[in-house]
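# Structural overview for review
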Amino acid sequence: MATTTERPFTLSVPPAELELLQKKLELVRLPDELENAGWDYGAPLSDIRRLVARWRDGFDWHKSETEINKLPMFTRDIDVDGFGTLNIHYVHQKSAVKNAIPLLFVHGWPGHFLEVKNVLPHLTAISGDRPSFHVVAISLPGFGFSEAPKKSGFAGRQYANVFNKLMLSLGYEEYVYQGGDWGHMLGAHVVYHYGHKHLKAWHSNMPFYRRPTLFSNPLLTLEEHLPTQAARVAVEKLTHWRQKGIGYYTEHATKPQTIGYGLSDSPAGLLSWIYEKLVSWSDQYPWTDDEVLEWISIYWFSRAGPAASIRIYYEMTGGNTHDTFEGTARTTVPLGISYFPGELLLPPKSWMQMVGKVVFESEHDKGGHFAAYEQPEKLADDLRRMFGRGGPAFGVVHGHEGYD
Amino acid sequence: MGSWAKPFTVQVSDADLELLHKKLELATFPDELEGAGWDYGAPLADVKRITEYWRDKFDWRKTEETINQLPQFTTEIEVEGHGSLNIHFVHQKSAAENAIPLLFVHGWPGSFLEVRKLLPILTAASPDQPSFHVVAPSLPGFGFSEAPTKPGFGGYQHAEVLNKLMLSLGYNEYVYQAGDLGHVLGVYVANAYGHKHLKAWHTNMPTYRAPTFWSNPLLILEIFTNKAVSQTLEQASRTWKKGGGYYMVQTTVPQTLAYSFADSPDGLLAWIYEKLARIVDDYHWTEDEVLEWISIYWFSRAGPGANVRIYYELTGGNKHDMFEGTKWTSVPLGTSYFPKEPIRFPKSWACLIGKVVFQAEHDKGGHFAAHEQPEKLAGDLRMMFGKGGPAYGIVPGKDGYA
């Protein structure tokens, strides 16, 4: 019988690290800005100046740490073929409902495990006619408090391996999956390697895939040209993405080490790089300064350092030589998609059929890229409807239908 | 007309120097994947080594003194709609009175210092070679020039500064040499002031907007028939795919990038060093050389965040290419091809830029031609503008000969 390497995890940033951060904040040097720049040129100076000052003078990390530590967190060693052992950090909250559905929640960039915070109580709650979930929210390797791979080549297959092994090690032979951003793209890999056998159904709030071609899906290529509102939005968002949104992605996918130096050395640099996305990718979410600073702090104090988290873009795209779905193919594992209006890209809904067997679709009038964080009730509701009695994915996990 | 030029010396304050050192003491590095080499960007060992040298050995005051051996000035230049900018420049006259006035314009991540090695060669008076009066400014927002304060400071605004600078020095007619963004701005200067003030110009990065089948069918057909052409394009495309990340960030969110540049010395170093090290041809940078180069950015008048805005302004925030609003001109153009210049066009495409009267090809040299191969570049200028050359006597009364 193998002994488990699972240990409870308590976040406790060493005083030396807090001191170093404080010293850097005291030495901060900010750039100037063009008059009336607004958000046109990037994160506005007045926002960053205010946030840096708050970080230096008022933000109470210990308070955040105490709150974060209320979550049931653990680490355990996961062996990855060719990469040795990685110590992986995760939240694991069981529902009081014994037969709750095991669900793996996977964040992206610039997200982290804490994105599960708001949706966790909804998913694990006992609620009569609605299903409950046992939730596992992992820190991706290289993010949060998980170790990072030391060698190059850690891509889709490896992430899938880590996820599946984690769930199996927790006693979840079969489970379901929810993700957005990298969570979505890695979902396609997990489902490809472990679909049906272990991963029984999955849900994404980022409806993204490679573009259909005349060879692969001729009819789908016509969708964008239809005179519909959906087609117009799809094209608008794609145009905006290509023109204005793709800078960070290109740098991350080609030179993650180069951008990593500034992110590791300058709190203001890290703050602005991420804050710009927190605001521009969410749907008018009323971020408080402390909320932002807590979010950034997870990156600043991350186990592998903020630069390590950038490498996923390079590894998953072969240094920008292919897309993130390389090495996957469509599966028949049931797939649910939630459409939030503030999401970066909203391709025609028919495209998701290329990804998998779409059994559930939901459309919202509010919410952006960080759906679980911004609209936890809406997202939880979608999952409950997808997996609950009468839902299209009811009972996919044997013996764990979500009700006692 | 600008006011009279004032002599200028670089004089970084003690406070600025102290702040830099305090930051260097606290420099915090990322880790790196095993065997990463240059694959993921600037290698950790390099950045660490240079940062530690910066902290412990690099003597800025000594470097400052050396820089101040260059004859530097500042002058006020009015730009329509943008008020007055204080512009910094090197101005070295030749002993030959009829030397050709030449404006040398740097790019990114370059600086006015790129002219340094060219100066003694170009300004040397000789009966056998043409010589030049050389003016090398810091572009607005770079080095020791003020930066624009309002959005919209595009190609024609830069051209206005450059032209007015030359006029303010009494050079009503002049020639121009540049690569990188200096080349891009050369196109604007040629469009706005060609023939009237700009008499001829030379570029070591001859590019322009790509031809289309409608505009230049023969050039497009050549892609299919001429292997050299298709190979050049393929190579350029590959290089761009791997190395174009900086461009995508700088054209869209220069302000977001500015925070890292202003606050982290090694963050700034890594971003720039990645280019310095990779787009040269077998050029061995010393730590002092790299750090002098980076220091111009770190101690720049407008701060290190200002310079990257030019990418946004020239492209409308990546809405269009950098040449928007310009056309082919008949201003005589010279082109020099250095083998390791990553941003390349097939030679046959140079005619899209302007009236090519001179073309040279070299077997050594990269992006920073003036810095890496000053003799070769100066040689090209002497050939282009010298007796028997295609642009000889292009500036009336100033043929360059003693």
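As shown above, the structure is provided for reference.
Residues numbered from 1 in each chain as written. Chains lettered and ligands numbered in written order. Predicted model: local features only at pLDDT ≥ 70, side-chain atom pairs only at ≥ 80, totals over all residues. Heavy atoms only, no water.

## Describing the sheet that holds strand 2 (residues 72-79) of chain B
Residues and elements named next belong to chain B. Note the threshold: What makes two strands pair is DSSP finding at least two bridges between them. Under the DSSP-based scheme used, a helix requires at least four consecutive residues in state H or I and a strand at least two consecutive residues in state E, with every element numbered from the N terminus. Axis geometry follows a simple rule: fit a line to the C-alpha atoms, using only the stretch in contact for helices, then measure angles between N-to-C directions, giving values from 0 to 180 degrees. Residue contacts are counted whenever heavy atoms from the two residues lie within 4.5 Å of one another.
Read from one edge to the other, the open sheet built from 9 strands follows the order 1-2-3-5-4-6-7-8-9, with strand pairing classed as mixed. The strands lining the two open edges of the sheet, one partner per strand, are strand 1 (6-8) and strand 9 (354-361). If you compare each strand with its neighbour and ignore which way they point, the axes differ by 30° on average. In terms of strand pairing, strand 7 (residues 198-203) meets strand 8 (residues 329-337) through 3 bridges, oriented parallel. Within strand 8, the residue paired with Trp-201 across the bridge is Leu-333. The strands touched by helix 15 (residues 374-385) are strand 4 (100-105), strand 5 (132-137), strand 6 (174-178), strand 7, strand 8 and strand 9; relative to strand 7, the strand with the most contacts, the crossing angle is about 145°.

## Some remarks on the packing of aromatic side chains
Here is the rule: Here the aromatic set is Phe, Tyr and Trp, taking the six-membered ring for Trp, and pairing holds for ring centres within 6.5 Å; pairs whose planes are under 30 degrees apart are stacked, those over 60 apart are edge-to-face, and all others are tilted. Here, a charge over a ring is recorded when the distance from Lys NZ or Arg CZ to the ring centre is within 6 Å and its angle to the ring normal is within 35 degrees.
Under the defined criterion, the tally for this structure stands at 59 aromatic pairs over all chains. Members of the aromatic cluster, each reached through a chain of ring pairs, are Trp109(A), Trp182(A), Trp241(A), Tyr248(A), Tyr249(A), Trp281(A), Tyr285(A), Trp287(A), Trp295(A), Tyr313(A), Phe370(A) and Tyr373(A). The ring of Trp298(B) is capped by Arg29(A), whose NZ or CZ atom sits 3.9 Å from the centre of that ring. The ring of Phe83(A) has Lys151(A) lying over it, and the distance from NZ or CZ to the ring centre is 5.6 Å.

## Examining the pairing of strand 5 of chain B
All names here are of chain B. What counts is decided by this rule: Each residue's exposure class comes from its accessible area (1.4 Å probe, protein chains only) as a fraction of the maximum for that residue type: buried when under 20%, exposed when over 50%, partly exposed otherwise. If you view a crossover with the strands going away from you and the path from the first strand over the helix to the second runs clockwise, you call it right-handed.
Judged by how many residues are buried, strand 5 sits mostly within the fold: 6 of 6 residues are covered. Residues of strand 5 alternate between two faces, with Phe-132, Val-134 and Ala-136 on one and His-133, Val-135 and Pro-137 on the opposite face, all of them buried. Direction of pairing for strand 3 (residues 83-92) relative to strand 5: antiparallel, over a ladder of 4 bridges. Along strand 5, the bridge assignment pairs Val-90 with Ala-136. Sheet topology places strand 4 next to strand 5; 4 bridges connect them, and they run parallel. Counted as the bridge partner of Leu-102 is Val-134 from strand 5. Of the crossover connections in this fold, the one passing from strand 4 over helix 4 (residues 118-123) to the parallel strand 5 is right-handed.

## Re the interface of chain A and chain B
Put simply, the rule is: Buried surface area refers to the total accessible area, computed with a probe of radius 1.4 Å, that the two partners give up upon joining, counted for both partners together. One side-chain nitrogen of Lys or Arg within 4 Å of one carboxyl oxygen of Asp or Glu is enough to make a salt bridge. We define a polar contact as two N or O atoms separated by no more than 3.5 Å, with the added condition that, inside protein, one atom must be a possible hydrogen donor and the other a possible acceptor, whereas residues neighbouring each other in sequence contribute only through side-chain atom pairs.
Taken together, the contact between chain A and chain B spans 58 residues of the former and 61 residues of the latter. Its largest share of buried area at the contact with chain B, chain A owes to Arg29(A), Tyr41(A) and Tyr261(A), together 18% of the area lost on that side. In this structure, Asp32(A) and Arg309(B) form a salt bridge, with 2.6 Å as the shortest nitrogen-oxygen distance. Where chain A touches chain B, the interface holds 36 residue pairs in polar contact (both at pLDDT 80 or more). Among the elements of the structure, helix 1 (15-26), helix 2 (45-57), helix 8 (229-245), helix 9 (247-254), helix 10 (256-265), helix 11 (267-281) and helix 13 (311-317) of chain A are those that each provide at least two residues to the side of chain A that touches chain B.

## Focus on the pairing of strand 6 (residues 175-179) of chain A
It is a general feature of regular strands that their side chains alternate between the two faces of the sheet. Residues and elements named next belong to chain A. Burial runs high along strand 6: 5 of the 5 residues are buried. Residues of strand 6 alternate between two faces, with Tyr-175, Tyr-177 and Gly-179 on one and Val-176 and Gln-178 on the opposite face, all of them buried. In the sheet, strand 4 (residues 101-106) pairs with strand 6 via 4 bridges, with the strands oriented parallel. Bridging from a neighbouring strand, Leu-104 pairs with Tyr-177 of strand 6. Pairing of strand 6 with strand 7 (residues 199-204), which is carried by 5 bridges, proceeds in the parallel orientation. Among the inter-strand pairings, Gly-179 is bridged to a residue of strand 7, identified as Ser-204. As a crossover connection, the stretch from strand 6 through helix 6 (residues 182-194) into strand 7 is right-handed.

## Points about the packing of helix 3 (residues 61-68) of chain A against helix 12 (residues 289-300) of chain A
Residues and elements named next belong to chain A. For the record, the criterion: Orientation is classified from the angle alone, with under 35 degrees giving roughly parallel, over 145 giving roughly antiparallel, 65 to 115 giving roughly perpendicular, and any other angle giving oblique. Three residue categories are used. Nonpolar comprises Ala, Val, Leu, Ile, Met, Phe, Trp, Tyr, Cys and Pro, charged comprises Asp, Glu, Lys and Arg, and polar comprises the others, including Gly.
Between helix 3 and helix 12, the shortest axis-to-axis distance is 11 Å and the interhelical angle comes to 80°. Between helix 3 and helix 12, the angle falls in the class roughly perpendicular. The residues of helix 12 that touch helix 3, namely those facing Trp-61, Ser-64 and Ile-68, are Glu-294, Ser-297 and Ile-298. When the residues that make up the contact of helix 3 with helix 12 are grouped by side-chain class, the tally is 3 nonpolar, 2 polar and 1 charged.

## Re the sheet that holds strand 5 (residues 133-138) of chain A
Residues and elements named next belong to chain A. Strand order across the open sheet formed by 9 strands is 1-2-3-5-4-6-7-8-9, with mixed pairing between neighbours. The open sheet has two edge strands, strand 1 (7-8) and strand 9 (356-363), and neither has a second partner. When strand 2 (residues 73-80) meets strand 3 (residues 84-93), the two strands line up antiparallel, connected through 8 bridges. Bridge pairing in strand 3 links Phe-74 to Tyr-90. Sitting on the sheet, helix 16 (residues 376-387) is in contact with strand 4, strand 5, strand 6, strand 7, strand 8 (331-339) and strand 9, with an inclination near 145° to strand 7.

## Description of helix 9 (residues 245-252) of chain B
Of all 8 residues in helix 9 of chain B, 8 are buried, a share of seventy percent or more. All buried positions along helix 9 of chain B are accounted for by Gly245(B), Tyr246(B), Tyr247(B), Met248(B), Val249(B), Gln250(B), Thr251(B) and Thr252(B).

## Structural notes on the environment of His320(B)
Residue and element names in this part refer to chain B. Within the secondary structure, His-320 sits in the loop between helix 13 (309-315) and strand 8. Placed 75 residues apart in sequence, His-320 and Gly-245 show a C-alpha to C-alpha distance of 17 Å. Sequence-distant contacts of His-320, defined by excluding residues within four places in its chain, comprise Leu-314 and Thr-315.

## Considerations on the side chain of Ser362(A)
All names here are of chain A. Residue position: Ser-362 is located in strand 9. Residue Ser-362 is classed as buried on the basis of its relative accessible area, which comes to 6%. Polar contacts involving the side chain of Ser-362 include one to the side chain of His-364, which spans 3.2 Å. Discounting residues that sit within four places of it in the chain, Ser-362 has contacts with Ile-337, Ser-338, Tyr-339, Asp-382 and Arg-385.

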